[in-house]
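Listed below are the residues making up each chain.
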Amino acid sequence: QSQQSIKEQHQARARERMASWRQSSGANAAIAAVAAAIAKEEEEEERQRQELQRLEMARRQQEEEEELERQRQERAQRDQERDQIAQQEAILRQIQEEQRQQRELQQQQQLLLQQQQQLQQQQQQQQFTCLIDVSGIRSPPLSFLTHLNSVMEANDPELLYKTILFPVPGFVQTMIG
């Protein structure tokens, strides 16, 4: 509005000058033409000034838009970097958790192996060997051995480690020897 009022003021002054020149003592057509040319130049200057202002506003607006776009791109890049860091941290936490689970699993396996070894040692300590002296017996005591094995298998098969007959009967020695 202020630009419009300035323009109107310039035009009004130009008209006043023209009117005053016409009214002056014998203003001729040349003076009127010069006044009209001056008014026309002022109007052209005003138009150019308005065009410059419009161009300046367009340039500022473009600069602002470029700045906003630059800021948006920087923000997008920061967000992308933040997301990458978050993903890397999540992967790192997952790896650490897997390593922790592996360590626990190894510890559990070692503990199980130790317990298994202890159990085997205890079982070996609890097993016994049955020694049968067959000296003076002519034929092997097969019915006794069969009965012994059936009783052991039925009741406590893990307790009997082995059964040994001694001395070896002569007929077995001849068969083996």
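Residues numbered from 1 in each chain as written. Predicted model: local features only at pLDDT ≥ 70, side-chain atom pairs only at ≥ 80, totals over all residues. Heavy atoms only, no water.

1. A short note on the overall build of the protein
Within the protein, the secondary structure is distributed over four helices and two strands. Across the 177 residues in the protein, those meeting the buried criterion constitute 8%. When contacts within the protein are restricted to residue pairs at least 6 apart in sequence, long-range pairs at least 24 apart make up 70% of them. When the accessible surface of the protein is split by element, carbon and sulfur atoms take 51% of a total near 15,200 Å². (Helix = DSSP H or I, 4+ residues; strand = E, 2+ residues; numbered from the N terminus. Buried < 20%, exposed > 50% of the residue type's maximum accessible area, 1.4 Å probe, protein only. Contact = heavy atoms within 4.5 Å. Areas by Shrake-Rupley, 256 points an atom, 1.4 Å probe, with all protein chains shown as cover.)

2. Quick look at the confidence of the model for the protein
When pLDDT is averaged across the protein, the result is 81; 82% of the residues are at 70 or more. Within the protein, helix H2 (residues 29-126) carries the highest mean pLDDT (88), whereas helix H4 (residues 170-176) carries the lowest (67). (pLDDT = per-residue confidence, 0-100.)

3. Comments concerning the environment of Arg17
Examined against the element boundaries, Arg17 turns out to sit in helix H1 (residues 2-23). Exposure remark for Arg17: the relative accessible area of 30% places this residue in the partly exposed category. Linking Arg17 and Ala39, residues 22 residues apart in sequence, is a C-alpha distance of 9.2 Å. Once you skip the residues sitting within four places of it in the chain, Arg17 turns out to touch Ile38 and Glu42.

4. A word on helix H3 (residues 142-155)
With 14 residues, H3 extends 20 Å between its outermost C-alpha atoms, agreeing within 8% with the 20 Å of an ideal straight helix rising 1.5 Å per residue. What H3 keeps buried is the set Leu145, Leu148 and Met152. End-on view of H3: buried residues confined to an arc of 65°, all on one side of the axis. Residues of H3 that are exposed and point more than 90 degrees away from the buried face comprise Leu142, Ser143, Thr146, His147, Glu153 and Ala154. In this structure, the buried residues of H3 make contact with strand S1 (128-133) and strand S2 (160-166). (Expected span 1.5 Å × (residues − 1). Arc of directions from axis to C-beta.)

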